[in-house]
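Here are the chains, one letter per residue:
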Amino acid sequence: MTDTALSFGIVGAYLLVLAGIGIWSYRHTGQDPVSYFLAGRGLGSLVLTLTLLATLLSAFTFIGVPADGYTHGLGIFLGVGVTDAFISVLFFLLGYRLWLAAKHFQFITPSEFFGHRFGSPLLALLYSLSALLFTAPYISIQIIAGARTLSAVLGEGIPYWPLAIIVAVVILAYVLLGGSQAVVWTDTLQGIILILGMGAAFVAIAGSLGRDASAELEAWLRLPGPTGRWSWQGLISYQLLILMAVPLFPQIFQRFYMAKNAQVFKTMMVVWPLLILVIFFPATLIGVWGRLVFPTLESADQIMPLMLQTLPSGLAALVISAALAALMSTADSQLLTTSSLVTRDLIYTHFNRQLSPLQEARLGRLVVLAIALASFAIALNPPGVIVEIATWSFQGSAMLFPVLVAGLYWKRTSRAGALAGGLVSSALTLGWLANLLPQAWRGDWLPVIPAVVVGTVVLIVVSLLTPPPAERVAAYYEGPWAEEAQELDETGSLTTRKNLT
Amino acid sequence: MSGLNPSSQGEASSSINGHFGRMQQAWVLWLYPLLWLLTLVGVRSAEPQIFGIPAWYLSAGLLILLLVPLNFYVVRVCWPRMSND
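Nothing here was measured: the structure is a model prediction, and the numbers come from that model. (Residues numbered from 1 in each chain as written. Chains lettered and ligands numbered in written order. Predicted model: local features only at pLDDT ≥ 70, side-chain atom pairs only at ≥ 80, totals over all residues.)

## Describing helix α3 (residues 45–56) of chain A
Residue and element names in this part refer to chain A. Taking 1.5 Å of rise per residue, 12 residues should cover 16 Å, and α3 covers 16 Å from first to last C-alpha, within 8% of that figure. Counting buried residues along α3, 10 of its 12 residues qualify, which places the element largely inside the surrounding structure. Within α3, burial applies to Val47, Leu48, Thr49, Leu50, Thr51, Leu52, Leu53, Ala54, Thr55 and Leu56. (Helix = DSSP H or I, 4+ residues; strand = E, 2+ residues; numbered from the N terminus. Expected span 1.5 Å × (residues − 1). Buried ≥ 20, exposed ≤ 12 C-beta atoms within 10 Å, placed from the backbone.)

## Focus on the environment of Trp56 of chain B
All names here are of chain B. Of note, Trp56 is situated in helix α2 (residues 55–78). In this structure the C-alpha to C-alpha distance between Trp56 and Leu67, which are 11 residues apart in sequence, comes to 17 Å. Once residues within four sequence positions are removed from consideration, Trp56 is found in contact with Val41, Gly42 and Val43. (Contact = placed C-beta atoms within 7 Å.)

## A word on the confidence of the model for chain B
Residue and element names in this part refer to chain B. Mean pLDDT over chain B stands at 77; residues scoring 70 or higher make up 71%. Per-residue pLDDT, averaged within each element of chain B, yields its smallest value for strand β1 (residues 15–18) (44) and its largest for helix α1 (residues 31–38) (96). Confidence drops under a pLDDT of 50 for residues 1–18, and excluding neighbours within four residues, the segment shows 37 contacts in the predicted structure. The ipTM for the predicted assembly is 0.82, set against a pTM of 0.83. (pLDDT = per-residue confidence, 0-100.)

## Let's talk about the packing of helix α19 (residues 415–433) of chain A against helix α20 (residues 448–465) of chain A
Any two packed helices are characterised by how steeply their axes cross, that is the angle between the axes, and by the distance between the axes. Residues and elements named next belong to chain A. Contact geometry of α19 with α20 gives a least axis separation of 7 Å together with a crossing angle of 160°. By the angle between their axes, α19 is roughly antiparallel relative to α20. Here α19 runs over α20; the crossing is right-handed. Residues Ala416, Gly417, Ala418, Ala420, Gly421, Gly422, Val424, Ser425, Leu428, Thr429 and Trp432 of α19 lie in contact with α20, whose contacting residues are Val448, Ala451, Val452, Val454, Gly455, Thr456, Val458, Leu459, Val462 and Ser463. The class makeup of the residues in the contact of α19 with α20 is 13 nonpolar, eight polar and no charged. (Axes fitted to C-alpha atoms, helices over the stretch in contact; angles between N-to-C directions. Parallel < 35°, antiparallel > 145°, perpendicular 65-115°, else oblique. Left-handed = near helix turned anticlockwise from the far one by under 90°. Nonpolar A, V, L, I, M, F, W, Y, C, P; charged D, E, K, R; others polar.)

## With respect to the nonpolar core
Core analysis: the largest hydrophobic core is formed by 184 residues, its most contacted members being Ala326, Ile386 and Ala398 of chain A. Those residues in contact with Ala398 of chain A that sit more than four places away from it in its chain are Leu241, Met244, Ala245, Leu248, Val448 and Val452 of chain A. (Core = buried A, V, L, I, M, F, W, Y, C linked by C-beta atoms within 7 Å.)

## Overview of helix α18 (residues 401–409) of chain A
Residue and element names in this part refer to chain A. Taking burial as the measure, the nine residues of α18 include seven buried ones, the bulk of the element. Turning to α18, its buried residues number three or more, namely Phe401, Pro402, Val403, Leu404, Ala406, Gly407 and Leu408. In this structure, the buried residues of α18 make contact with α6 (88–105), α7 (110–117), α11 (232–245), α17 (386–398), α19 and α20.

Structure, rendered in structure tokens:
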């Protein structure tokens, strides 16, 4: 009873702090869209790094990755952990350029980039709809995992649905009240708790289990793992999926717009691999070592909460708070970003409704509420295990990767080419995911991999056959930042470049 | 790496020239796939182990750590010079 009271106390205090940040942010943040959705484009290195980390790492990381390690072995560390670390170079190659464009053209949502770069509202709509379709179930996963995690600590006697309500209500409280300002500050707190919690769990569990693992777990400690899931094709398929999906997650894409200056991207790029390492390295091992304690689990998703029950109650509550931090920080960002997609892209752009900034922020809050209710409805009857749903959701993000790269790096990309490539890639991905296309056509690859390859070929061929939007190419490649760009001259000193036409 | 941006064609191969800025010493980007390939070394065997953890897993972790100095080099040397930085 004392242990349960202690756990209640720690987790309850944590949830109250989150709600408090929401109320504080409500009083100290502006109500215009840039303040509500982008934290005023003023995030520094520490806050943006931690909010990006907390947003990326979700129930998938804290519960799904150990569960995958439990079932399929250590391969998930290469499939997701290593790839997430290498994504740091995309902060430079993609994120920095998106930030430059967003700052100049005043983008708020990710789809505004696609619509503006190619002069195609249809392409913007394609991104918005795919983001809504594939993000909503992912939000529900966070609620499901939150309720199950709370249940593991607070006792099996408490029904599932009241815990799901608690998780959903706390997230809603600070998203509705404080918008992105509240989300980034709670993310900062959650990012710190996440790192400390995972570290504490790893040290405690490794101390008691690590050295016993070698003999019994031989198949789990090498590739392709006991189930054969991590074959070369399976591994590369998953790595490509993560590499393409992460920058296109709406909640990650929009965070690129929030940076105060270029220095933020530089700092983030340097420290990011280290942060990813301290989360994924222990998470996978804990799942594999869990087989020694719980060899015959009915559902692998139970392994992390069960492993936490082997820890002293105060420590377990801290780690549970970290798990909640991971999933809530993702859910809040997903809610906020998807609401901006609806208010800015669907209502403002496609229905041509002129809203005042205050009306837009209010509408944003209503949409957050509606999406949260829809996600909660899905969470009441979970459609599958976490990694399966996440993999499905990630493919929806990855399918527009060639359009993003072409928009930032290939001047010759035409509107028709981008649209055709995006549509073909999306149609093939959806066709395979919905079983409308023969699965044999994609071999053993995840559906989005061949879909992106075909989409890229279509994008290139159609672009070469049609003219690029000259006005937009000039705007992007000869913009004010280009006129002010500087380069190193032959002596190594900086000189200002003018008129780079 | 000039293929990343058509505007760089015909210019010095050591840089990516785009109007988003000019990247210096673009050849450094090839070190990323090289590091990635190294993370795959030894993954088919659970031996040798250190503290119950296979060597390939530890070395993949160390290679992730190597990304820190590599990224630092990219940030300091390769990053496009922009007047508004």
